[in-house]
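The chain contents come next:
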Amino acid sequence: MPDIVPADAIRTAFSTAMSAMYREEVPLYGDLIEIVRDANAEALGQQADLKAALSGAGELERLDVERHGAIRVGTAEELALLRRIFAVMGMHPVEYYDLSVAGVPVHSAAFRPIDPAALLANPFRVFTSLLRLDLIEDEDLRAQAAAILASRQIVSQRGIALLEQAEREGGLTPQDAESFVREVLDIFRWHGDARVSHETYRRLNAAHRLIADVVSFAGPHINHLTPRTLDIDAAHRAMAARGIDAKAVIEGPPTRKVPILLRQTSFKALEEPIRFTDQQGEAKGTHTARFGEIEQRGAALTPKGRALYDACLDEARADSGSQGADYVARLTSAFSRFPDDLDSLRQQGLAFFRYRVADSSTPIDPATSLERCIEEGRVLAEPVLYEDFLPVSAAGIFQSNLGGAEQASFAAHSSRQAFEAALGQKVLDPFALYAAIEQASIAAVETALGTSFAARGEA
Ligand code: OOG
Ligand code: NI
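These lines cover the structure that appears in this document, whether it is placed above or below. Being a predicted model, the structure only gives us computed values, none of them experimental.

**What to know about the overall build of the chain**
In step 1: For the chain, the count of helices and strands is 19 helices and 11 strands.
In step 2: Projected onto its principal axes, the C-alpha coordinates of the chain cover approximately 80 × 65 × 40 Å.
In step 3: Restricting to contacts in the chain with at least 6 residues of sequence separation, those with at least 24 account for 74%.
In step 4: Only carbon and sulfur atoms are counted for the fraction: they give 52% of the accessible area of the chain, which is about 19,500 Å².
In step 5: Within the chain, the 65 negative side-chain charges are centred at a point lying 1 Å from the centre of the 47 positive side-chain charges.

Here's what the structure looks like:
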């Protein structure tokens with residue numbers, strides 16, 4: 001048996017290579033990395049409890065390598081192929097996101113590691129959207145777009161051969177893994193040469209800017225890479241101070257003592273020179289697709305917590321969406337009923353927690369509940385980190401980078417089944433993944449303390 005490179009190591013090599021490539025393609029991304037590094041150093045320096053919590057959860061190391069990216073593919077075949085490629089790197093499709101309700105003709109899933117050890121090693125995620133050609137009204141244009149997409153091959157022959165080899169042999173040797181990462185990186189490279197004429201681009205763009213972005217090029221270029229900050233308010237201010245044209249509003253929940261889910265902000269897409277097939281010499285056209293984004297992550301919410309989050313967000317956006325100078329005030333006020341301390345989040349079953357033994361020196365009464373163990377200092381409870389995305393936020397990120405205005409929704413219904421058929425498997429349920437992490441931690445605590453909480457509930 002030859003040496004096989006662990007999937008975690010291939011994913012890390014890939015994520016590192018993507019970061020280096022994007023930094024070269026979009027230099028402002030390098031500025032974002034610096035802003036986030038400074039904001040994180042500042043936050044860790046000032047908040048000893050934050051540092052202790054991250055360190056206790058083993059998350060301090062993953063912070064510097066952590067990021068997510070986003071791509072958009074054109075066909076079911078492309079999506080299925082990428083699903084197999086990501087699997088070699090230990091990334092699996094989680095959750096179904098329907099963006100058509102927000103006027104964006106795509107549906108999506110996030111490819112990401114799913115087990116705790118893999119998440120700690122490197123949580124690289126790729127938000128992957130599939131274009132919904134069925135939402136193009138003009139029949140001729142729809143047929144033309146489909147034909148253009150059918151004639152492109154986004155993965156090289158060498159890349160396919162290595163993928164098949166990895167599937168057949170259960171992995172790749174160091175040398176082949178290196179070649180694989182190189183071939184996969186090429187899929188997401190920017191192409192200044194469009195595959196369509198200026199007129200075709202114009203028509204695709206008129207149907208929807210996103211359609212032009214997906215159909216006109218040789219492959220699904222990476223459209224942003226997002227580092228994780230511990231203080232998005234500070235990072236957002238630092239972006240403005242550097243003259244970066246960031247989105248006015250931070251997506252997601254308001255500023256809180258205990259961060260929940262995900263907060264995100266981005267800067268607008270760059271205008272990049274491109275050349276159409278009916279142009280020679282210097283590039284003549286321009287295309288705007290690529291941008292930068294930063295994110296702050298917090299506790300993963302249970303279905304009950306998520307329902308409360310959705311209700312608060314709906315309330316804040318009821319009349320005028322995220323528009324208006326008073327949006328932050330509306331958001332803060334709507335979220336005032338969302339508990340903002342760890343004990344309430346845990347006791348009310350709003351967030352998932354990971355438990356570990358702090359003190360097993362004294363014998364435990366078999367009637368002691370888990371909550372009691374926490375009170376007595378025997379057990380520590382830390383929130384499980386949210387590893388996924390948020391549909392309303394994602395829509396806001398799409399929109400701000402497609403030219404601003406919020407758009408009317410498409411009439412067509414969400415189509416999870418069609419997405420899963422294209423993908424070639426069902427998407428995984430994020431709630432089940434978080435619940436499994438919580439359950440496993442409780443089981444480990446029970447074993448270590450020689451007790452069993454299960455039968456008694458939280459009495
Ligand atoms: C993806 C937008 C969604 C996020 O962080 O919510 C996203 C895209 O623009 O392709 O990346
Ligand atoms: Ni993003």
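**Side note on the coordination of the nickel ion (ligand 2)**
In step 1: Within the protein, the nickel ion (ligand 2) binds to His68 (NE2), His224 (NE2) and Glu293 (OE); these donor distances fall in the range 2.1 to 2.2 Å.
In step 2: The sequence pattern describing where the donors of the nickel ion (ligand 2) fall on their chain is H-x155-H-x68-E. Taken together, the residues His68 in strand 1 (residues 67-73) and His224 in strand 5 (residues 224-227) connect sequence positions 156 residues apart.
In step 3: Since its relative accessible area comes to 2%, His68 is described here as buried.

**Here we look at the site of ligand 1**
In step 1: Around ligand 1, the neighbouring residues are His68, Ala70, Arg72, Phe127, Asn223, His224, Gln264, Phe291, Glu293, Phe389, Ala394 and Phe398.
In step 2: In this structure, Asn223 approaches ligand 1 through a side-chain N or O atom, which is 3.0 Å from an oxygen atom.
In step 3: Taking His224, its side chain carries an N or O atom lying 2.9 Å from an oxygen atom of ligand 1.
In step 4: Within the complex, 100% of the 320 Å² of free accessible area of ligand 1 lies under protein.
In step 5: Of all the elements in the fold, those that place two or more residues in the shell around ligand 1 are strand 1 and helix 17 (391-400).
In step 6: With 3 residues, the top contributor of residues to the shell around ligand 1 is strand 1.
In step 7: Within the shell around ligand 1, the residues separate by chemical class into 6 nonpolar, 4 polar and 2 charged.

**Looking at the sheet that holds strand 2 (residues 92-98)**
In step 1: As summarised here, the arrangement of the 5 strands in space is 2-3-4-1-5, forming an open sheet in which the pairing is mixed. The outermost strands of the open sheet, each flanked by one partner alone, are strand 2 and strand 5. In this sheet, adjacent strand axes meet at a mean angle of 20° when their direction is disregarded.
In step 2: Of the strand pairs in this sheet, strand 1 and strand 4 (residues 125-131) are connected by 6 bridges, and their pairing is parallel. Residue pairing across strands places Gly69 opposite Val126, the latter belonging to strand 4.

**Looking at the packing of helix 2 (residues 27-46) against helix 12 (residues 232-241)**
In step 1: Contact geometry of helix 2 with helix 12 gives a least axis separation of 9 Å together with a crossing angle of 135°. As judged from the angle between their axes, helix 2 and helix 12 are oblique. In this structure, helix 2 crosses over helix 12, and the sense of that crossing is right-handed. Packed against helix 2, whose contacting residues are Leu32, Ile35 and Ala39, the element helix 12 presents Ala235, Ala238 and Met239 at the interface.
In step 2: Counted by class, the contact of helix 2 with helix 12 contains 6 nonpolar, no polar and no charged residues.

**Notes on the nonpolar core**
In step 1: In this structure, Leu99, Tyr309, Phe338 and Tyr355 are the most contacted members of the largest nonpolar core, which totals 72 residues.
In step 2: With near-sequence residues (within four places) excluded, Phe338 lies in contact with Arg256, Ile260, Leu301, Gly305, Leu308, Tyr309, Cys312, Leu345 and Leu350.
In step 3: In this structure, Phe14, Tyr22, Met91 and Leu225 belong to the second largest nonpolar core, which totals 46 residues.

**Considering the pattern of salt bridges**
Side chains that differ in sign of charge can pair as their charged atoms come close.
In step 1: In this structure the tally under the stated criterion is 36 salt bridges.
In step 2: Arg290 serves as the salt-bridge partner of Glu25, at 2.7 Å between the closest nitrogen and oxygen. In this pair, Glu25 is assigned in helix 1 (residues 7-25) and Arg290 in the loop between strand 8 (285-288) and strand 9 (292-297), connecting sequence segments 265 residues apart.
In step 3: Given the relative accessible area of 21%, Glu25 is considered partly exposed.

**Description of helix 18 (residues 416-423)**
In step 1: Every buried residue belonging to helix 18 is among Phe419, Glu420, Ala422 and Leu423, and all of these are buried. Take helix 18 and look down its axis: the buried residues cluster within an arc of 160°, on one side only. Away from its buried face, by an angle of more than 90 degrees, helix 18 presents the exposed residues Gln417 and Ala421.
In step 2: Those residues of helix 18 hidden inside the fold are in contact with helix 5 (76-88), strand 2, strand 3 (106-112) and strand 4.

**Structural notes on the environment of Val392**
In step 1: For Val392, the location among the structural elements is in helix 17.
In step 2: A residue is classified by how much of its surface remains accessible, and Val392, at 36% relative accessible area, is partly exposed.
In step 3: Between the alpha carbons of Val392 and Phe410 there is a distance of 15 Å; along the sequence they are 18 residues apart.

**Remarks on unusual backbone geometry**
Only a minority of non-glycine residues have a phi that is not negative, and only a minority of peptide bonds are not trans.
In step 1: One non-glycine residue, Glu95, lies in the positive phi region at around 70°.
In step 2: Relative to the assigned elements, Glu95 resides in strand 2.
In step 3: The residue Leu261 is not glycine, and still its phi comes out positive at about 50°.
In step 4: Tracing the chain through its elements places Leu261 in the loop between helix 12 and strand 6 (262-267).

Conventions used here
Residues numbered from 1 in each chain as written. Chains lettered and ligands numbered in written order. Predicted model: local features only at pLDDT ≥ 70, side-chain atom pairs only at ≥ 80, totals over all residues. Heavy atoms only, no water. Helix = DSSP H or I, 4+ residues; strand = E, 2+ residues; numbered from the N terminus. Contact = heavy atoms within 4.5 Å. Areas by Shrake-Rupley, 256 points an atom, 1.4 Å probe, with all protein chains shown as cover. Lys, Arg positive; Asp, Glu negative; His and termini not counted. Charge placed at Lys NZ, Arg CZ, Asp CG, Glu CD. Donors = N, O, S within 2.8 Å, 3.2 Å for Na, K, Ca; no water. Buried < 20%, exposed > 50% of the residue type's maximum accessible area, 1.4 Å probe, protein only. Near = heavy atom within 4 Å. Polar contact = N/O pair within 3.5 Å; in protein donor to acceptor, adjacent residues only side chain to side chain. Nonpolar A, V, L, I, M, F, W, Y, C, P; charged D, E, K, R; others polar. Pairing = 2+ DSSP bridges. Axes fitted to C-alpha atoms, helices over the stretch in contact; angles between N-to-C directions. Parallel < 35°, antiparallel > 145°, perpendicular 65-115°, else oblique. Left-handed = near helix turned anticlockwise from the far one by under 90°. Core = buried A, V, L, I, M, F, W, Y, C linked by side-chain atoms within 4.5 Å. Salt bridge = Lys/Arg side-chain N within 4 Å of Asp/Glu carboxyl O. Arc of directions from axis to C-beta.

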